[in-house]
Structures are given as C-alpha cells and as structure tokens.
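Take a look at the letters that make up each chain.
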Amino acid sequence: MRPLRACLGAATAVTLAAAGTAAFVAGNASGATTALGNRWYAAAPYLMPLDNDPPDPAAIMDATGLKAFQLAFVLAPDGGGCSPTWGGTAPVSSDTAVQSTISTIRAKGGDVSVSIGGYGGTKLGQACADAASAAAAYQQVITKYGLHAIDFDLEEPEYENTAAVRNEIGAAKILQQNNPGLYVSVTTAGTADGTGWFGKQMLLEAKSQGFTPNNFSIMPFDGGFNGAASQTSALTNFNAILQSTFGWDQATAYAHEGFSGMNGRSDTGEYFTQADFQTVLDYATSHHMDRFTFWSLNRDRQCSPPDNGGRTSGTCSSVTQNPWGFATYSVKFAGVTPPTTTPTPTPTPTPTSCKAAWSSTAVYTQGNEVSYSKHNWKAKWWTQNEVPGASEWGPWQDEGAC
C-alpha cells in the first residue's frame, strides 16, 4: 500500500462543509447554468471527458436532444491525499479541460452531474480521515463547477471497506444538507438477486445515518446477466431489498430506484442491444423508477468491425448501431422526443500501420505504444504482462485498428 498524505484536519473539514451552502450559491453565481429538471440528471449517461477518446458532447446534443451528462470520475490523487482529482491525476483545483467541456454543454442549454468513485482507483472515502473531510473535498468540486447534481459510484474496491463506505455516505449526507436542491444518486453493483452483500451493507449504512438520496441505482451487468429479462428481474429483486431495508412500500421503493446499464458488450462478454435497452426502459417508466442511465457515451458508437473481434472496448459498443443510438433511450426517459433524422454512421477508418508487437516480458511505461490483435495500444501507466484489451479498466488505451 502506498502512503497517503494527511487529509484536512477534522475541524477544518467541518468548517468547510458547514460553509457548503454559501459556496454552492457562489459557485452558481460564477457561471453555472440554471438547473435542469431532476429527470434530466436522472437520465444523464456517463461520459469520460479526459479519456477513452471523448466524443463531442455538442454533437451528441444536436443528434439526439440529450441535455445532461454524467462526467466520470473524481478520485483521490494517485500519490495520496484528500483532494479531488479527475482520474487520480488531474487536480480539480487547476482543471480547465473539464471546465471547457461543461461550458460547451451549458452554452447549448444542457448541464452535467459529476460522478465520484467508479471501478478501481483510490476513492476519497478511502483517503480522507472522515466524512467531514471527504465532504469538504467534494464541496470543492460542487463549488468549482456550480453543480446541481452529483453521483456516488460505490463499487470495487471501496465498497468492501466499511470505513470508506461510512465516509462516503456521511459525506453525501453533508453535501445534501449544505447544498439545497442538489440531486444525489448512489450507484452500486448489481447481482441477480438485486445487489450483493456489500451493496446491502451500504444500504444499511445509509439507513443507520438517516440518509436518503434521490435514488439508489444498481448496475446489472458483469454478473452473469443475459439480456433485458435478467436485468428487469434484478431490478424487481432490488426493489424488494429497498422495501425491506427502509420500510418503504413498493411504489416508494421504485421512486428511489435506478438502473445503470452498459451498452453493447460488457467487460465479461455479455451483450446488451438497443432492444434490451428498450425493454428495460419500458420497465423503468412503467414502474415509475427514478433513474435510467448507462456506461458510457464514449462507447456509444459502432466498432470497426461491429463485433470488434469479440472483445470489450472503452471507445465503442461492439454491436451494430448508429452513433449515439443508446443515448436516445436516455432522452426518452427524460420525456423528450429525439429528432426524427437518423445520424449517419461513422465511416470505417483507414487502418494505420501497426506498432511493434506487444511482449509479455517487456516493461512499458506511460505513452509507450504497441500492437496486439490488429489494434494499436498506448500504455496509460507502468505495466508488464497485462494483455492489451483484456479489461476496459486495464493499463492499455485502444488507438484503433492497424
């Protein structure tokens, strides 16, 4: 384990957290757009603005009518500490790149939510000493970008850490109290029975702290799922868990329940088509669920070839589709009819020359390029004997066919 720099002291953190309301107002005054209706934040698909070949949000908005984006992910610094960064490497305090993306979206009448956590990386709930210091770190994000919505994506490895989950839930409660009207979603892993043991423990922690977000969303993929029927079954089971945990009736539980899917081919080789999305969307709207989102817009375009060689990509869906085809379901959930024109499919790119072949024994550092399985890859960080493309979250970024 790498040593972490000390977080803010508890007293300082409490002072900052207590100032959250004033900071939120100031953040709005500094240029944030008027808040959208909560239904839009509930429909916002995930977008990585700094990685995985980020698409142009303005083009997506023009093509589909989408107005809200879930920007991912805010983490603790890779080198340790209790301050917010994008992906562990880009400090929020000095960011201009994500701010530019947000400005582009807001200039067209849209808005963003920011997602914290995600799969892998060090989360602020792990790095910060307590809930107050974690809340103070998150408040910096809310204030800098004038946010009206935030998402707590609590999964591996954080949600197996009781203290970290306690910090995250406590921080979410502080932010909710100090930023009136803030839309708060909590996203966690999905299983066939709704969510697993750690997900259930997270819900119990929220109950013990008296915290109720706008919704608790599950991700029914990467767990042996097979199409929409298995996903709606998991959502039904999760509803029962929410009822038994919080003492809600079925309708109240659905009003606090969300779905977060994965478009196309999942990390474990499951396939979710647009027909599957339509089935889950119908389930979500007929049961008056609060949220319908997916991972991710970076993947909402066709690979070349469409099956992408039978592997999962961070930059395309591995199923046949038009660009931004899955985003239209988010628009439908928000209650807005997409444009009737069909976007032109992205033309097949001309293959580039292949780099030197990847070697299992070689050591690669950030920026090194190799070829593997007729694709070029660029190393995101130090790596050895990690096969390119084996995992969306691995050390290699797909640079396309060669």
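We now turn to the structure provided with this report. Along each chain, residue indices are assigned from 1 in the same order as the chain's sequence is written. In keeping with the model being predicted, local features are shown solely for residues with a pLDDT of at least 70 and side-chain atom pairs are shown and tallied solely at 80 or more, while totals for entire chains, interfaces and linings include all residues. Processing note: side-chain calculations cover all non-hydrogen atoms of the structure and skip hydrogens and water entirely.

**A closer look at the side chain of Thr245**
Formally: Secondary structure is summarised from DSSP: a helix means a run of H or I of at least four residues, a strand means a run of E of at least two, and numbering begins at the N terminus for each. A contact between two residues is defined here by any heavy atoms of the two lying within 4.5 Å.
Counting through the fold element by element, Thr245 comes out in helix H10 (residues 228-246). Residue contacts for Thr245: discarding those within four places in its chain leaves Leu203, Leu204 and Lys207.

**Re the sheet that holds strand E17 (residues 396-401)**
Formally: A pair of strands counts as paired when DSSP detects no fewer than two bridges linking them. Here an axis means a line fitted to C-alpha atoms, over the contact stretch when the element is a helix, while the angle between two N-to-C directions is reported on a 0 to 180 degree scale.
Spatially, three strands are ordered E14-E15-E17 in an open sheet, and the strand pairing comes out antiparallel. The open sheet has two free edges, formed respectively by strand E14 (369-372) and E17, since each of these has just one partner strand. Across the sheet, the mean angle separating the axes of adjacent strands is 30° when strand polarity is ignored. Two elements, E14 and strand E15 (residues 375-379), share four bridges in a ladder whose sense is antiparallel. Opposite Val370, over in E15, you have Trp377 as the bridge partner.

**What about helix H12 (residues 274-286)?**
We count it as follows: What a helix should span is 1.5 Å times the count of its residues minus one. Categorising residues by exposure relies on relative accessible area from a 1.4 Å probe, with only protein chains included: less than 20% of the type maximum marks a residue as buried, more than 50% marks it as exposed, and the intermediate range marks it as partly exposed. Arc definition: directions from the helix axis to the C-beta atoms.
Taking 1.5 Å of rise per residue, the 13 residues of H12 would be expected to cover 18 Å, and the 18 Å separating its terminal C-alpha atoms lies within 8% of that figure. Among the residues of H12, those classed as buried are Asp276, Phe277, Val280, Leu281, Tyr283 and Ala284. In a view along the axis of H12, the buried residues occupy a sector of 160°, so they form one face of it. Buried-residue contacts for H12 involve H10, helix H11 (250-255), strand E9 (257-262), strand E11 (271-272), strand E12 (291-295) and helix H13 (327-334). Phi for His288, located one or two positions after H12, is positive at around 55°.

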